[in-house]
Each structure stands twice: as structure tokens, then as C-alpha cells.
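Here is what each chain is made of, one letter per residue.
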Amino acid sequence: MPSPDTTNPQRQFVTKPDLDAAITSLKELMDARFDTMDARFAAIESRFSAMDDKIDSRISAAANKLLLALVVIAGSIIASLLYTS
């Protein structure tokens with residue numbers, strides 16, 4: 001796109017092909033930028049997914065340990081009730 005000449009007082013106009021080329025160039029730059037951002041978001045999302053899987057496995061392991069502890073406690077209570085009666 002031509003820059004305005006400040007030394008020459010006549011008007012200079014931008015042509016339609018110049019505008020179309022500038023718009024096309026801007027669209028390409030925006031698309032490239034958004035593609036880069038999408039790739040970054042995909043990488044971050046995969047890391048969060050991996051962390052979610054780790055957290056889920058640790059929570060289920062803790063829940064399994066708690067359930068096992070409750071079964072042992074209940075079993076010992078039942079055994080003591082049977083033994084004393």
C-alpha cells in the first residue's frame with residue numbers, strides 16, 4: 001500500500017487490488033496466528049488430561065484403601081461381637 005507523500009499536496013488513492021492484497025495478507029497472518037494458538041492449546045490440553053488421569057488414579061487408589069480399612073474395621077467389630085456372645 002503506498003504511503004502518502006507529504007511533500008506533494010495532490011491526493012493519492014489506494015486501488016482496490018492493493019486493498020484486496022492487504023486484506024488477504026492480514027487474513028493469512030491471523031490464520032497462522034490462530035493455528036499456532038490452537039497447537040499450543042492442544043499441547044496444554046493433553047498435559048492437563050494426563051494430570052487428570054493421574055489425579056483420578058490416585059483418588060481411586062485412596063478410595064480403595066479407605067474401603068479396605070472400613071472392611072477390616074467392620075470385620076473386626078463383627079468378629080469381636082461373635083467372639084463375646
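Rules and cut-offs
Residues numbered from 1 in each chain as written. Predicted model: local features only at pLDDT ≥ 70, side-chain atom pairs only at ≥ 80, totals over all residues. Heavy atoms only, no water. Helix = DSSP H or I, 4+ residues; strand = E, 2+ residues; numbered from the N terminus. Buried < 20%, exposed > 50% of the residue type's maximum accessible area, 1.4 Å probe, protein only. Areas by Shrake-Rupley, 256 points an atom, 1.4 Å probe, with all protein chains shown as cover. Salt bridge = Lys/Arg side-chain N within 4 Å of Asp/Glu carboxyl O.

Draft legend 1. Quick peek at the overall build of the protein. Within the protein, the secondary structure is distributed over one helix and zero strands. The burial tally for the protein puts 0% of its 85 residues in the buried class. Accessible surface, the protein: about 7,900 Å² in total, of which carbon and sulfur atoms supply 66%.

Draft legend 2. Focus on the pattern of salt bridges. Overall, the coordinates contain one salt bridge when judged by the stated rule. For D20, the salt bridge identified is with K16, shortest N-O distance 3.2 Å. With D20 and K16 both in helix α1 (residues 16-84), this residue pair falls four residues apart, about one helical turn. The exposure class of K16 is exposed, given its relative accessible area of 58%.

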